[in-house]
Amino acid sequence: MSEPRRYYTYIMASRSRVLYTGITNDIVLRVRQHKSRQADGFTNEHRCTRLVWYQVFNSPSAAIAREKQVKSWRRAKRIALIEQINLGWHDLSEEWGKPIVPLNDLPSSR
């Protein structure tokens, strides 16, 4: 049996905190496109290359509804949404694709 399809509403930000809200069914690919600036238009122009928030859905209609809701909000409310889970505005995708170091391979703190 295959994995259920996932859909994502996400917010990308530039270093100066310009925000872009979008949807995708492949968050890893879409973030990679933003980072490599393959996405034409707004995100490329404003260098929105940091994933600062995302939410997962089981249906495309739910992801689209959430995107519309978030886009309708004032900037302050979108910032509050981001800072609920990401106070420092860190790139949530920064570690994606990097090898995972097993805990027993980490140096001990004795």
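Here goes a summary of the coordinates provided. (Residues numbered from 1 in each chain as written. Predicted model: local features only at pLDDT ≥ 70, side-chain atom pairs only at ≥ 80, totals over all residues. Heavy atoms only, no water.)

1. With respect to the sheet that holds strand 3 (residues 50–57)
The antiparallel open sheet is built from three strands, whose spatial order is 2-1-3. Whereas interior strands pair on both sides, the edge strands pair on one side only; in this sheet they are strand 2 (19–24) and strand 3. Looking at each pair of strands side by side, their axes are set apart by 20° on average, direction ignored. Of the pairings in the sheet, the one linking strand 1 (residues 7–13) to strand 2 comprises six bridges and is antiparallel in character. By the bridge assignment for strand 2, A13 is matched with L19. Along the sheet face, helix 1 (residues 27–35) touches strand 1, strand 2 and strand 3 and points at about 20° away from the line of strand 1. (Pairing = 2+ DSSP bridges. Helix = DSSP H or I, 4+ residues; strand = E, 2+ residues; numbered from the N terminus. Axes fitted to C-alpha atoms, helices over the stretch in contact; angles between N-to-C directions. Contact = heavy atoms within 4.5 Å.)

2. Focus: helix 3 (residues 60–72)
Taking 1.5 Å per residue, 13 residues should reach 18 Å; helix 3 reaches 18 Å between its end C-alpha atoms and fits that length. Within helix 3, burial applies to A63, R66, E67 and V70. Take helix 3 and look down its axis: the buried residues cluster within an arc of 105°, on one side only. Turned more than 90 degrees off the buried face of helix 3, the exposed positions are S61, K68 and S72. Elements in contact with the buried residues of helix 3: strand 1, strand 2, strand 3 and helix 4 (75–85). (Expected span 1.5 Å × (residues − 1). Buried < 20%, exposed > 50% of the residue type's maximum accessible area, 1.4 Å probe, protein only. Arc of directions from axis to C-beta.)

3. Some remarks on the packing of aromatic side chains
All chains considered together, the criterion is met by four aromatic pairs. Between Y10 and Y20 the ring centres are 6.2 Å apart and the planes differ by 55°, which places this aromatic pair in the tilted class. Of the two residues, Y10 sits in strand 1 while Y20 sits in strand 2, which places them ten residues apart along the sequence. The exposure class assigned to Y10 is buried, which follows from its relative accessible area of 0%. (Phe/Tyr/Trp six-rings, centres within 6.5 Å; stacked < 30°, edge-to-face > 60°.)

4. A few points about a nonpolar patch on the surface
Together, V28, Y54, V56 and W96 line one region of the surface with nonpolar side chains, adding up to about 310 Å² of accessible area. Of note, V28 is situated in helix 1. (Patch = residues over 30% accessible without salt bridge, like charges linked within 9 Å, V, L, I, M, F, W, Y side chains within 5 Å. Areas by Shrake-Rupley, 256 points an atom, 1.4 Å probe, with all protein chains shown as cover. Salt bridge = Lys/Arg side-chain N within 4 Å of Asp/Glu carboxyl O.)

5. Observations regarding the side chain of S93
Its place among the elements puts S93 in the segment after helix 4. Among the polar contacts listed, one links the side chain of S93 to the side chain of D91, at a separation of 2.7 Å. Leave out the neighbours within four places in its chain, and S93 touches V31, K35 and L51. (Polar contact = N/O pair within 3.5 Å; in protein donor to acceptor, adjacent residues only side chain to side chain.)

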